[in-house]
Each structure stands twice: as structure tokens, then as C-alpha cells.
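Observations on the model geometry
The chain contents come next:
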Amino acid sequence: MDYNITFLPQNKTIRLKPGVTLLNAARRAGVKITTRCDGKAACLMCKVRVDSEHLAALHPPTDAEKRKLGSLLDAGTRLSCQAKVRGSVTVHVPEDPLKAAIRKQLERQQQEEDDWF
């Protein structure tokens, strides 16, 4: 059986078989999730958020996730390199920090221009 994995804010959905990690699903869907450790739960860069109603669509957290994320797991944060699909799920991918900083700067500049005229 295949399941739908939807990535937000990109709004991309892909159908995959159970057992695929969210990181691999994202790659197949063309969604960029930053990582440096190549799926070894070492860098913590691939954190994503899953709404509470979709947490059951993922396998339980691995021991590595439990050690690395601690209480963040309670808020729906998972390591995409470790979280494996076992049902349809919607995943929130955080904005890349550099892109977020640039976007915020551009928004400030636009606001200053709007205030000027």
C-alpha cells in the first residue's frame, strides 16, 4: 500500500511505500531538507515538524532521535533522516536560515520604501 507524504510550505505531495524516511521522501519529491551527516542523526539539521494528528503515521522515534531531540519530540519535531513513514502524513519543512534572513531583510527594505513614498 502506498501513502501520501505532503511537504509544506512547498505543497508537494508524493506517494510512497511504507518504511521510507521523510528525508528520502523529500528528496524524491524535490523538496530540499538540509543535512550534513547523510542520515546518521548526527547533525540535527534535518529537523521537520509533524502535526500531532499525523504523528501516528510515522514509526516511533529511534533511540538516536530520543537522545538528540528530547522534549522537542513532544512538539512534533522529528529528524527526517530517522522518521519512517507508515501512513499518510503532512510534514512542515522549516525555511532555510540563510533564506529566511535574506527574505526578512528584503521585507524590511520594501517596508522602508513603502513608508518613504
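Look up a bit, the structure's there.
Residues numbered from 1 in each chain as written. Predicted model: local features only at pLDDT ≥ 70, side-chain atom pairs only at ≥ 80, totals over all residues. Heavy atoms only, no water.

**Description of a nonpolar patch on the surface**
A contiguous nonpolar patch, built from Leu-98, Ile-102 and Leu-106 and spanning about 310 Å² of accessible area, is present on the exposed surface. For Leu-98, the location among the structural elements is in helix α3 (residues 97–116). Residue Leu-98 is classed as exposed on the basis of its relative accessible area, which comes to 58%. (Patch = residues over 30% accessible without salt bridge, like charges linked within 9 Å, V, L, I, M, F, W, Y side chains within 5 Å. Areas by Shrake-Rupley, 256 points an atom, 1.4 Å probe, with all protein chains shown as cover. Salt bridge = Lys/Arg side-chain N within 4 Å of Asp/Glu carboxyl O. Helix = DSSP H or I, 4+ residues; strand = E, 2+ residues; numbered from the N terminus. Buried < 20%, exposed > 50% of the residue type's maximum accessible area, 1.4 Å probe, protein only.)

**Some words on the pattern of salt bridges**
Applying the stated rule across the entire model yields three salt bridges. Between Lys-17 and Asp-2 there is a salt bridge, with the nearest N and O atoms lying 3.1 Å from each other. Of the two residues, Lys-17 sits in the loop between β2 (12–16) and α1 (22–29) while Asp-2 sits in the segment before β1 (3–8), which places them 15 residues apart along the sequence. Here Asp-2 falls in the partly exposed class, since its relative accessible area comes to 30%. Between Arg-78 and Glu-65 there is a salt bridge, with the nearest N and O atoms lying 2.8 Å from each other. Taken as a pair, Arg-78 in strand β4 (residues 77–79) and Glu-65 in helix α2 (residues 63–69) lie far apart in primary sequence, 13 residues in all.

**Description of a negative patch on the surface**
Together, Glu-112, Glu-113, Asp-114 and Asp-115 give the surface a local cluster of negative charge. Its place among the elements puts Asp-114 in helix α3. The exposure class assigned to Asp-114 is partly exposed, which follows from its relative accessible area of 44%. (Lys, Arg positive; Asp, Glu negative; His and termini not counted. Charge placed at Lys NZ, Arg CZ, Asp CG, Glu CD.)

**What about the environment of Ala-56?**
Looking at the secondary structure, you find Ala-56 in the loop between β3 (47–50) and α2. The exposure class of Ala-56 is exposed, given its relative accessible area of 58%. The spatial distance from the C-alpha of Ala-56 to the C-alpha of Val-89 is 8.8 Å, given a sequence separation of 33 residues.

**Here's the deal with the environment of Ser-88**
One can find Ser-88 in the loop between β4 and β5 (89–92). Leaving out residues up to four positions away in the same chain, Ser-88 has contacts with Tyr-3, Asn-4 and Ala-57. A distance of 3.1 Å separates the side chain of Ser-88 from the backbone nitrogen of Asn-4, its partner in a polar contact. (Contact = heavy atoms within 4.5 Å. Polar contact = N/O pair within 3.5 Å; in protein donor to acceptor, adjacent residues only side chain to side chain.)

**Some thoughts on the pairing of β1**
Examined bridge by bridge, β1 and β2 share five bridges and lie antiparallel to one another. Its bridge partner being in β2, Tyr-3 is matched across the sheet by Leu-16. Counted between consecutive antiparallel strands, the loop separating β1 from β2 contains three residues, among which Asn-11 sits at a positive phi close to 55°. (Pairing = 2+ DSSP bridges.)

**Digging into the side chain of Thr-21**
Mapped onto the secondary structure, Thr-21 falls in the loop between β2 and α1. Polar contacts involving the side chain of Thr-21 include one to the main-chain amide nitrogen of Asn-24, which spans 3.1 Å. Those residues in contact with Thr-21 that sit more than four places away from it in its chain are Ser-80, Cys-81, Ala-83 and Lys-84.

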